[in-house]
Structures are given as structure tokens and as C-alpha cells.
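# A closer look at the structure
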Amino acid sequence: VSADYSQFELRLAAHLAKDKELIEQFNKDIDVHTATAAEVYGREEQDVTKNMRREAKVVNFGIMYGLSTHGLVAATGMTYEQAKNFIAKYFEVRPKLLKYIESVKEQAKKDGYVETLFGRRRPTPDVHSSNFMVREAAMRQAVNMPFQGTAADIMKMAMIEVDKKLAGTDTKLLLQIHDSILVETPKSGAEKVAELLKETMEDVVKLPVKLTVDTSIGKNWGEL
């Protein structure tokens with residue numbers, strides 16, 4: 001049985017940036033990539049093409065990794081001008097996310113560290129490097145750390161809770177891969193185990209944005 005957090009870091013980004021609109025979209029189970037594309041392109045959601053949604057998805061996830069104009073060009077095939085305009089428009093739509101990212105950059109430079117929602121810190125000395133490449137890479141890492149680090153913190157908390165609930169049963173916690181947990185369990189109880197994983201992982205922390213977990217069952221990892 002596998003259980004994985006859906007759009008984990010983007011949900012956490014909505015919370016960290018206090019973006020009420022994005023939080024509301026997640027809480028109402030709206031397709032955030034389609035909604036983002038509609039806002040950026042100024043269209044109704046039903047008029048958003050698959051390609052527009054794909055572009056919005058690349059930016060939604062990529063922005064947390066310091067996605068640049070060149071990076072968007074490489075990922076989507078846009079022209080440089082199109083990519084530049086898309087990112088500019090994206091931040092017009094998501095001003096709170098831009099404000100949060102800028103605050104993380106400022107903290108990295110001023111305080112010499114960035115931190116997760118739970119206070120785990122990462123030192124950021126290289127943001128002051130005289131080498132441009134080193135400095136830019138350090139800043140991308142600094143921006144990403146609160147998102148990915150908070151996700152990692154929550155995943156560890158979830159694994160501890162799952163392990164407690166599985167104690168004394170025939171189910172074994174096998175792997176944790178990024179946003180997912182993989183367990184091995186007798187086929188007869190697989191549905192109940194999937195439900196246990198989903199409930200435990202979704203409830204491990206209470207945030208304004210809901211965490212959603214998808215589960216799947218198969219004979220081996222390849223079937224999941």
C-alpha cells in the first residue's frame with residue numbers, strides 16, 4: 001500500500017505565504033493549475049487548454065525551486081519573452097507568494113539562515129559569496145528550504161505516527177520516498193491499512209490548508 005501527499009509543497013507554500021486565495025482553492029478541491037492558468041491568461045477556467053495548464057503547473061511547482069525565465073523556456077518551449085511575461089504575470093496573480101520568497105531571501109542574507117515552519121534551520125553563508133554562480137545557487141537553495149524542509153518535517157512526523165499505529169500488526173513500514181510512504185501488509189487488510197495511512201497522514205498537523213493523501217494498493221511497488 002502506498003500513500004502520498006497530493007501537491008504537498010504547493011499546499012505548504014500557500015500556508016507559508018498566507019495566500020488565502022490559494023488556500024481556499026485547495027480546501028475547495030479546485031484544480032489549482034487550471035485556476036492559475038485562467039488567472040494568468042485572463043480566461044475562464046473552461047477555456048484553459050491542456051498546454052496552458054501544463055505551463056501553469058511548471059511554474060506553480062518550479063517557483064519554489066527558484067525557477068528562472070531560462071528554466072521556464074527549457075521546460076515548456078516558450079520563447080524567452082513569453083516566459084518572462086508569464087512569470088511576471090504569475091507574481092501579479094500570486095503577490096503574497098512573491099512577498100514571502102523575497103522575505104526568505106532577505107532572511108538568508110541578514111540572519112545567515114532560513115528555517116522551516118517548525119523552526120529547523122539551514123545556514124546560508126554562500127548567499128554572500130563573491131562567485132555569482134555559487135551565490136545564485138545558494139539563494140535558490142535558501143528559497144526552496146522552507147517549502148521542502150517543512151514537507152520533510154511533516155513527513156517524519158507522519159512516519160512516527162504511522163509506526164505507532166502499526167505496532168504489533170502484520171504491516172511493515174518499508175519505504176519513504178519524497179511525499180509518499182510505502183508499507184507491506186496482508187492483502188486481506190489492505191483497504192483498512194490504506195484508510196489508516198490516509199487519516200494519519202492528513203491529520204498529523206492542523207494547518208489552514210488541508211493536506212490530502214492519495215492511496216493505492218498493489219502486489220508490488222511497480223503496480224502502485
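Please refer to the structure higher up on the page.
In what follows, the accompanying structure is described. Predicted model, so just to flag it, every value in this text is computed and none were measured. (Residues numbered from 1 in each chain as written. Predicted model: local features only at pLDDT ≥ 70, side-chain atom pairs only at ≥ 80, totals over all residues. Heavy atoms only, no water.)

### Examining a nonpolar patch on the surface
The test is simple: Residues qualify for a patch when their relative accessible area is over 30% and they have no salt bridge, like charges being joined within 9 Å and the nonpolar side chains of Val, Leu, Ile, Met, Phe, Trp and Tyr within 5 Å. Note on areas: these come from Shrake-Rupley sampling with a 1.4 Å probe, and a residue is covered only by the protein chains present in the view. Note on definitions: salt bridges are taken to be side-chain nitrogens of Lys or Arg within 4 Å of carboxyl oxygens of Asp or Glu. Only DSSP runs of H or I reaching four residues or more are called helices, and only runs of E reaching two or more are called strands; each is numbered from the N terminus. Exposure is judged per residue with a 1.4 Å probe applied to protein chains only, and the accessible area is read against the type maximum: over 50% gives exposed, under 20% gives buried, and values in between give partly exposed.
Taken together, the side chains of Leu174, Leu175, Trp221 and Leu224 present a nonpolar region at the surface, about 380 Å² in accessible area. Mapped onto the fold, Leu175 is located in strand β4 (residues 172-177). Classification of Leu175 as partly exposed rests on a relative accessible area of 36%.

### Thoughts on the pattern of salt bridges
What the rule picks out here adds up to 13 salt bridges. The salt bridge partner of Arg94 is Glu21, with a shortest N-O separation of 3.9 Å. Of this pair, Arg94 sits in the loop between α6 (80-93) and α7 (95-111) while Glu21 sits in helix α2 (residues 20-27), and the two are 73 residues apart along the sequence. Overall, the relative accessible area of 37% leaves Glu21 in the partly exposed class. Salt bridges here are not isolated pairs; linked through shared partners, they connect Asp19, Glu21, Glu39 and Arg94.

### Overview of the side chain of Thr150
Using the following cut-off: Any pair of nitrogen or oxygen atoms within 3.5 Å is treated as a polar contact; in protein, a donor-acceptor pairing is required on top of that, and neighbouring residues in sequence qualify only through side-chain atoms on both sides. Should any heavy atoms of two residues lie within 4.5 Å, those residues are counted as being in contact.
Structurally, Thr150 is set in helix α8 (residues 132-166). Classification of Thr150 by relative accessible area gives buried; the value is 0%. Separated by 3.0 Å, the side chain of Thr150 and the backbone nitrogen of Leu117 make a polar contact. With near-sequence residues (within four places) excluded, Thr150 lies in contact with Leu12, Leu16, Thr116, Leu117, Phe118 and Met145.

### Looking at unusual backbone geometry
A positive phi angle, near 60°, is found at Asp29, a position not held by glycine. Take Asp29: its relative accessible area is 57%, and that puts it in the exposed class. The phi dihedral of His178 falls on the positive side, at around 55°, and the residue is not glycine. Among the secondary structure elements, His178 is positioned in the loop between β4 and β5 (180-184).

### Description of the packing of aromatic side chains
Where we set the bar: Working definition: rings of Phe, Tyr and Trp (its six-membered ring) pair if their centres are within 6.5 Å, and the pair is stacked with planes under 30 degrees apart, edge-to-face with planes over 60 apart, and tilted otherwise.
According to the stated counting rule, one finds four aromatic pairs in the structure shown. Ring centres of Tyr5 and Phe8 lie 4.0 Å apart, and the angle between their planes is 15°; on these two criteria the pair is classed as stacked. With respect to burial, Tyr5 and Phe8 carry one shared label: buried. Between Tyr90 and Phe91, the aromatic rings sit 5.6 Å apart at their centres with planes inclined by 75°, giving edge-to-face as the arrangement.

### Some points on the packing of α6 against α7
Keep this limit in mind: The angle between two axes is taken between their N-to-C directions and runs from 0 to 180 degrees, where each axis is a line fitted to C-alpha atoms and a helix contributes only its stretch in contact. Any angle that falls under 35 degrees is termed roughly parallel, while one over 145 is termed roughly antiparallel, one within 65 to 115 roughly perpendicular, and all others oblique. In this classification, the charged set is Asp, Glu, Lys and Arg, the nonpolar set is Ala, Val, Leu, Ile, Met, Phe, Trp, Tyr, Cys and Pro, and all remaining amino acids, among them Gly, are polar.
Look at α6 against α7: their axes get within 5 Å of each other, and the N-to-C directions meet at 100°. Considering their axes alone, α6 and α7 lie roughly perpendicular with respect to each other. Touching Tyr90, Phe91, Glu92 and Val93 of α6 are Pro95, Leu97, Leu98 and Ile101, all from α7. Along the lines of polarity and charge, the residues of the contact of α6 with α7 split into seven nonpolar, no polar and one charged.

### A look at the layout of surface pockets
Space left empty within the atom packing is revealed by a probe, the size of a water molecule, rolled over the atoms. Our working definition: Every definition here rests on a 1 Å grid over the protein atoms only: cavities are sets of points where a 1.4 Å probe fits but cannot get out, pockets are open sets enclosed by protein on both sides within 12 Å along at least five of seven lines, and lining residues have some atom within 4 Å of a point. Grid points are joined across faces, edges and corners, and a volume is the space filled by probe spheres set on the points.
In this structure, the largest pocket spans a volume of roughly 390 Å³. Elements represented by at least two residues in the lining of the largest pocket include exactly α6, α7 and α8. Among the elements that take part in the lining of the largest pocket, α8 stands out by supplying six residues, more than any other. The volume enclosed by the second largest pocket comes to roughly 310 Å³. Lining the second largest pocket are 15 residues, and of these Val1, Thr185, Gly218, Lys219 and Asn220 sit closest to its centre. The dominant element in the lining of the second largest pocket, judged by the number of residues it contributes, is β5, at three residues. A breakdown of the residues in the lining of the second largest pocket according to their chemical character gives nine nonpolar, three polar and three charged.

### Let's talk about the side chain of Ser2
Take Ser2: it is sitting in strand β1 (residues 2-5). Residue classification places Ser2 among the buried positions, given a relative accessible area of 12%. A polar contact of 2.8 Å, which involves the side chain of Ser2, links it to the side chain of Ser216. Not counting residues up to four positions away in its chain, the partners in contact with Ser2 are Ile181, Leu182, Asp214, Thr215, Ser216 and Leu224.

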